[in-house]
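Here is what each chain is made of, one letter per residue.
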Amino acid sequence: MKADESKIASEWALFSHTDAYKDWVKAMEDTMKLIQTNVDNMTETKTTPQGTVTTNLDSERCALLNQRKVGIAYAMQYVKLRLDKNLT
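Residues numbered from 1 in each chain as written. Predicted model: local features only at pLDDT ≥ 70, side-chain atom pairs only at ≥ 80, totals over all residues. Heavy atoms only, no water.

A. Seen up close, the overall build of the protein chain. Tallying secondary structure elements over the protein chain gives 3 helices and 2 strands in all. Secondary structure elements of the protein chain occur, N-terminal to C-terminal, as α-α-β-β-α. Computed over C-alpha atoms, the radius of gyration of the protein chain comes to 17 Å, more than 25% over the 12 Å expected from 2.2 N^0.38 for 88 residues, which places it beyond the range of a compact globule. Principal axes of the C-alpha set define a box for the protein chain whose edges measure 50 × 25 × 15 Å. (Helix = DSSP H or I, 4+ residues; strand = E, 2+ residues; numbered from the N terminus. Rg over C-alpha atoms; globule rule 2.2 N^0.38 Å.)

B. Structural view of the pairing of strand β1 (residues 43-48). Here 6 bridges tie β1 to strand β2 (residues 51-56), and the two strands are oriented antiparallel to one another. Bridging across to β2, E44 finds its partner in T55. As consecutive antiparallel partners, β1 and β2 are separated by 2 residues. (Pairing = 2+ DSSP bridges.)

C. Looking closely at the pattern of salt bridges. One pass over the full model with this rule turns up 4 salt bridges. Salt-bridge contacts for K80 lead to D84; the nearest nitrogen and oxygen are separated by 3.0 Å. Of the two residues, K80 and D84 are both situated in helix α3 (residues 59-87); the distance of 4 residues between them amounts to about one turn of the helix. Since its relative accessible area comes to 32%, D84 is described here as partly exposed. (Salt bridge = Lys/Arg side-chain N within 4 Å of Asp/Glu carboxyl O. Buried < 20%, exposed > 50% of the residue type's maximum accessible area, 1.4 Å probe, protein only.)

D. Quick look at the packing of aromatic side chains. In total, this model carries 4 aromatic pairs according to the counting rule given. Measuring from ring centre to ring centre gives 5.7 Å for W12 and F15, while their planes differ by 65°; the resulting arrangement is edge-to-face. Note that W12 and F15 are positioned in helix α1 (residues 3-15) at a spacing of 3 residues, about one turn of the helix. Judged by its relative accessible area of 31%, F15 falls in the partly exposed class. With centroids separated by 6.2 Å and ring planes inclined at 35°, the aromatic side chains of Y21 and W24 adopt a geometry described as tilted. Of this pair, Y21 and W24 both sit in helix α2 (residues 19-41), separated by 3 residues, roughly a single helical turn. With relative accessibility at 14%, the residue Y21 sits in the buried group. Put simply, the rings of W12, F15, Y21, W24 and Y78 touch in pairs and so form one group of aromatic residues. (Phe/Tyr/Trp six-rings, centres within 6.5 Å; stacked < 30°, edge-to-face > 60°.)

E. Summary view of unusual backbone geometry. At M42, a position not held by glycine, the phi torsion is positive, near 55°. Checked against the element boundaries, M42 lands in the loop between α2 and β1. Taking relative accessible area as the criterion, M42 reaches 38% and is therefore assigned partly exposed.

Structure (structure tokens):
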């Protein structure tokens, strides 16, 4: 592993022990679950100043939400790989 990769992996390892990191992981997991629920139901619920609004989703919007979920999964996988590199 290159020196700069080792440094980055070490910084992620330090960060992984913080409450901020745990909060980030929980937020990403919660967001992925919400997206999956929205796609499964083909509806999206939003809270507005006027109250809760539920809208139907078309297949294009569902595809975009699935892309967002893939992006979140990629970000989480990046961190996991950095943490795994720190252990080797």
